[in-house]
Structure formats: structure tokens, C-alpha cells
Amino acid sequence: MKKKHHHKKTGFIKKWSAKLHLWLGLSVGFIVFIVSLSGTMYVFKDEIQNKIRGEAIFHQEKNIENKKPLSIAILQGKVNAQVQEKYPISSVEIPLDKRKSYEFLFYEKNKKAWNYFDEVLINKLVYVNPYNGEILGIYDEKYNFFTILKFIHWSLLLNSEWGKYVVGIPVLLFVVMLITGIILWWPKNKNARKGRFWFNWKNIKTWKRRNYDLHQILGFYASFFALILCTTGLYFAFPWVKNVIHFTLSGSTNLPKEKELKSSKSNQILPIFDVVAAQTQTKYSASSSFRIPLNGKNKKGKTLENIPVTIYQEDGRFSVRNQMIFDKNSGKLLAEKSHQNLSNAEKFANANYDIHTGSYFGFFGKIIWFLVGIICSSLPVTGFLVWWGKKKKQKKEI
């Protein structure tokens, strides 16, 4: 007589977790793969790009201690004369390190376009020696490898306003997959834990078993970090995610609204941007750099009633930044918003990008994020192979 094998019934939670995990994985796995891989490849963008552009970033001017930079207006004129674009210069980023070049940016968008390449009309970065106006490098950021990676990650190269939902919804479902994955991984007892924390391939010869272990064990270790990555990514896509985080941190769903500060009606003193830059350098001399809008518009294209200057405390990071707002005619300081006086929600809003890219935690954090990104990229692949292997096995049994 054949012995009957008594299989323990799978619990309700694990049963439905398995079904959700499978259905969601098959439906959005490919998008999760693309988003994860593009994000992983973007992690070391600053380190790689700074190395490649070293000669443009550092101008090599001699005796800079005894020299003063040219007026921003003069440098702006030199850039316009050489680049000859039909769009105005959007902004200039001025480093506090005198060895570095000024960065003039041309940026213009067409919000009605349906894809990235039509939406971004121009995104060009120009490095200029501030002491003689020599242009050291012109980079078309629109077609830059890392910029394209960024917008694949953000919107799959669709319009950034609604394309973020095309990415955001699968990422939201990926969060469910991470949670159900942890539930499925969770061992029933002490004996079941042995093969859950590390690979035991000594007597394993089949690729299917190794693939299953890769999916299960690596997925478990990466899942907790991946939840942070997903949350910070969803923060950009869905207002309700922002509201929940803001309320948790500061007791209000909305960030404090900035008062619209209008400039005086007096005649503009010249050179106004140099007046603004001088005050900013004096106040925040220990900062990394600051950005001044030159076209009188903000990021959304709205006309500015003043000159808002954003000051970055550290190179390559946005989490610690201050703001000074100046009268666009007199150059008088109208308001100041320092990092120290921000609410917890505002500090998180500034830090979210750095947390998402790993730069918030320094170079070591980027390494961790890179490894987590590789694992997240592999999960849809190993998961699909697990499903495919089971499907083929079922066909053979039939």
C-alpha cells in the first residue's frame, strides 16, 4: 500500500499572500524591473559625471586670491553670444569654492507634450570661468545618459506630470509584493529558519532551487531597504503619500505656504544679481553653492515677483539648504528661510531626494542603495523563473 502524505493546509493569510504576490508580479514585474534598474544605474551619477567633467568644473585660473569674478551680467552676455540659443538662461549656480566654474543653465519645458523628448525643449548646462568668461564646457543635458535614466525612472520617458503615475502605480503594487513576500518568507518554526537566512547549496544541483533561494533570501534582506526606496519614490508621485508623511512629522498635511513677497516699484539698481550674490556669499560663506534664477521665472514657469536664492550646504546634496529672498529692483533682503527654522515636514521634503538616491547617507549609503537596487532589479526575473518552472512542472505531471 502507498502511504498517504498528509500536507498541512496553508494558512489563509499565506494563501492569499501567495496569490497576490504572483498576480501582481506577473502584471507589473516588467515595469518594476525597468524602474529598479534605471534607478540603480543612476546612483553614482555625481561621482562619474564629476570625474568626466573635471576640466570644465575646475577652471585652473591662476592667482585667484587676488582676482574678482566678472559681473554675472557680463558672463551671461558671453554665454548667450557663444551658445546662441533662442531660449533665455534660466539660472546660474555659483560655487563658494573659488577654484570652480560658474554653471549657467538653459531650461525650458512644453507641458503639453506627451513624451520626455518633446516636453523638454532645452536642458543645456554651460561651465564658465568666472574670472575671464571663458566657456569651458557645454553639455546638452537633455540627451545626457544619466538624465535619460532619471526620466525613465521617473515617468518611463512619458510626460513628467502624468507619467509619474504610470510608474507610481506599479511601485505602489510593488510595496504590496514586498509585504506579501515577507509574509511568504516568514518561517513557521525554528527548524524552518535554517534555510531562510542564507544559501545552503552544498547538496543542491538544480538551477531551479538556486533561483528560488536567490529570490527568497535576497528578497528578504532587500525588502526593508526597498520599502524606504518605494516610500520616498511614491512621495514624488502621490500627494496623499506626502500628506501622510507631513502629518506624521508635523501634525499637518500641508507644508507652510510661502507668502508672496512683492518687490518695490523703484528703478532696478545695476548690477542687481551681483548685489544679490554678494549678500548671499557674505551670509553663507561656509556653504557649497547657491542658485540664482536669471529669467524671472520659477520651476513651474510662473513669473517671480522677487529673486529667490537657494543655498546648498553640501556639494551633491539637497537636504540641507537655505533660502534668501531679495527685492528684484533694490536688492534688499525681503525674507530668509534657514534650514534650522524649518519644520520636520519641511526638512523631510528637502531631504527626500537625497534619501531616495542614497546620498543622504554618504558614499557608503550609495553603495547600499546600489546593491539593493540590483536585488530589486533581479526579483522580477527570478520570480518569473520560479513561476515558469512550476508551470512547466505542472504540464509534465498532466
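Please refer to the structure higher up on the page.
To start, this report covers the structure provided alongside it. Keep in mind it's a predicted model, so treat the numbers as computed, not measured.

Next up on the list: the overall build of the protein. The number of helices and strands found in the protein is 13 helices and eight strands. Seen through its principal axes, the protein has C-alpha atoms that stretch 100 × 45 × 40 Å. Burial status across the protein gives 42% buried among its 398 residues. Just so you have it, the protein exposes about 23800 Å², and 60% of that area is on carbon and sulfur atoms. For the protein, the centre of its 60 positive side-chain charges and the centre of its 28 negative side-chain charges are spaced 18 Å apart.

Time to look at helix H4 (residues 72–83). Here H4 spans 16 Å end to end across twelve residues, near enough to the 16 Å set by a 1.5 Å rise per residue. Turning to H4, its buried residues are Ile72, Leu75, Gln76, Val79 and Val83. On an axial view of H4, the arc spanned by its buried residues comes to 100 degrees, and they lie on one face. Among the structural elements, strand S1 (91–95), strand S2 (102–109), strand S3 (120–128), strand S4 (135–140), helix H11 (272–283) and strand S5 (289–293) are those in contact with the buried residues of H4. Positioned one or two residues after H4, Gln84 has a phi angle of 55 degrees, which is positive.

Here we take up unusual backbone geometry. Apart from glycine, the bulk of residues carry a negative phi angle, and the bulk of peptide bonds sit in the trans form. Even without being a glycine, Leu156 presents a positive backbone phi close to 55 degrees. Given the relative accessible area of 25%, Leu156 is considered partly exposed. The phi angle at Leu157 is positive, at roughly 65 degrees, despite the residue not being glycine. Within the element layout of this structure, Leu157 appears in the loop between helix H6 (145–155) and helix H7 (160–185).

All right, on to the side chain of Arg317 then. Examined against the element boundaries, Arg317 turns out to sit in the loop between strand S6 (307–312) and strand S7 (321–326). In this structure Arg317 comes out as buried when scored by relative accessible area, which is 19%. If we skip the residues at most four places from it in the chain, Arg317 touches Tyr312, Asp354, Ser359 and Tyr360.

It is worth spelling out the layout of surface pockets at this point. Estimated volume of the second largest pocket: approximately 1200 Å³. Lining the second largest pocket are 37 residues, and of these His21, Leu184, His215, Val386 and Lys390 sit closest to its centre. Counting residues per element, the ones that place at least two in the lining of the second largest pocket are helix H1 (12–42), H7, helix H9 (207–237) and helix H13 (362–397). Top element by residues in the lining of the second largest pocket is H1. It accounts for eleven residues. Class assignment of the residues belonging to the lining of the second largest pocket gives a composition of 20 nonpolar, eleven polar and six charged.

What follows covers the packing of H9 against helix H12 (residues 344–357). Contact pair H9 / H12: the axes reach a minimum separation of 9 Å and the direction vectors enclose 130 degrees. Overall, the two elements H9 and H12 adopt an arrangement that is oblique. The interaxial crossing formed by H9 with H12 has left-handed handedness. Touching Ile228, Leu229, Thr232, Gly233, Tyr235 and Phe236 of H9 are Phe348, Ala349, Asn352, Tyr353, Ile355 and His356, all from H12.

On to the nonpolar core. Ranked by internal contacts, the top residues of the largest apolar core, which has 29 residues, are Phe104 and Ile292. Those elements that place two or more of their residues in this core are H4, S1, S2, S3, H11, S5, S6 and S7. Non-local contacts of Ile292, meaning those with residues more than four positions away in its chain, are made with Ile72, Ser90, Ser91, Val92, Ile94, Phe273, Val276, Ala277, Ile307 and Val309. Ala222, Ala226, Leu234 and Phe348 belong to the second-largest nonpolar core, a separate cluster that totals 28 residues.

What follows deals with the pattern of salt bridges. One pass over the structure, following the stated rule, counts 13 salt bridges. Between Lys109 and Glu119 there is a salt bridge, and its shortest N-O distance comes to 3.4 Å. In this pair, Lys109 sits in strand S2 while Glu119 sits in helix H5 (residues 116–119), placing the two residues ten residues apart along the sequence. Residue classification places Glu119 among the buried positions, given a relative accessible area of 2%.

Moving on to the packing of aromatic side chains. Inspection of every chain in the model, using the stated rule, returns 26 aromatic pairs. Taking 6.2 Å as the distance between ring centres and 75 degrees as the angle between the ring planes, the aromatic pair formed by Trp16 and Trp23 counts as edge-to-face. A relative accessible area of 36% means that Trp16 is categorised as partly exposed. Of the residues examined, Trp23 reaches a relative accessible area of 47% and is grouped as partly exposed. Centre to centre, the rings of Phe384 and Trp388 are 6.0 Å apart; their planes meet at 20 degrees, and the pair counts as stacked. Of this pair, Phe384 and Trp388 both sit in helix H13, four residues apart, which is roughly one turn of the helix. Using a relative accessible area of 39% as the deciding quantity, one classes Trp388 as partly exposed. Here the aromatic cluster, defined as three or more aromatic residues joined through ring pairs, consists of Trp185, Trp186, Phe220, Tyr221 and Phe224. Over the face of the ring belonging to Trp16 we find Lys19, whose NZ or CZ atom lies 4.6 Å from the ring centre.

What counts and what doesn't
- Residues numbered from 1 in each chain as written.
- Predicted model: local features only at pLDDT ≥ 70, side-chain atom pairs only at ≥ 80, totals over all residues.
- Heavy atoms only, no water.
- Helix = DSSP H or I, 4+ residues; strand = E, 2+ residues; numbered from the N terminus.
- Buried < 20%, exposed > 50% of the residue type's maximum accessible area, 1.4 Å probe, protein only.
- Areas by Shrake-Rupley, 256 points an atom, 1.4 Å probe, with all protein chains shown as cover.
- Lys, Arg positive; Asp, Glu negative; His and termini not counted.
- Charge placed at Lys NZ, Arg CZ, Asp CG, Glu CD.
- Expected span 1.5 Å × (residues − 1).
- Arc of directions from axis to C-beta.
- Contact = heavy atoms within 4.5 Å.
- 1 Å grid on protein atoms, 1.4 Å probe; cavity = no way out; pocket = protein on both sides within 12 Å on 5 of 7 lines; lining within 4 Å.
- Points joined across faces, edges and corners; volume = space filled by probe spheres on them.
- Nonpolar A, V, L, I, M, F, W, Y, C, P; charged D, E, K, R; others polar.
- Axes fitted to C-alpha atoms, helices over the stretch in contact; angles between N-to-C directions.
- Parallel < 35°, antiparallel > 145°, perpendicular 65-115°, else oblique.
- Left-handed = near helix turned anticlockwise from the far one by under 90°.
- Core = buried A, V, L, I, M, F, W, Y, C linked by side-chain atoms within 4.5 Å.
- Salt bridge = Lys/Arg side-chain N within 4 Å of Asp/Glu carboxyl O.
- Phe/Tyr/Trp six-rings, centres within 6.5 Å; stacked < 30°, edge-to-face > 60°.
- Lys NZ or Arg CZ within 6 Å of the ring centre and 35° of its normal.

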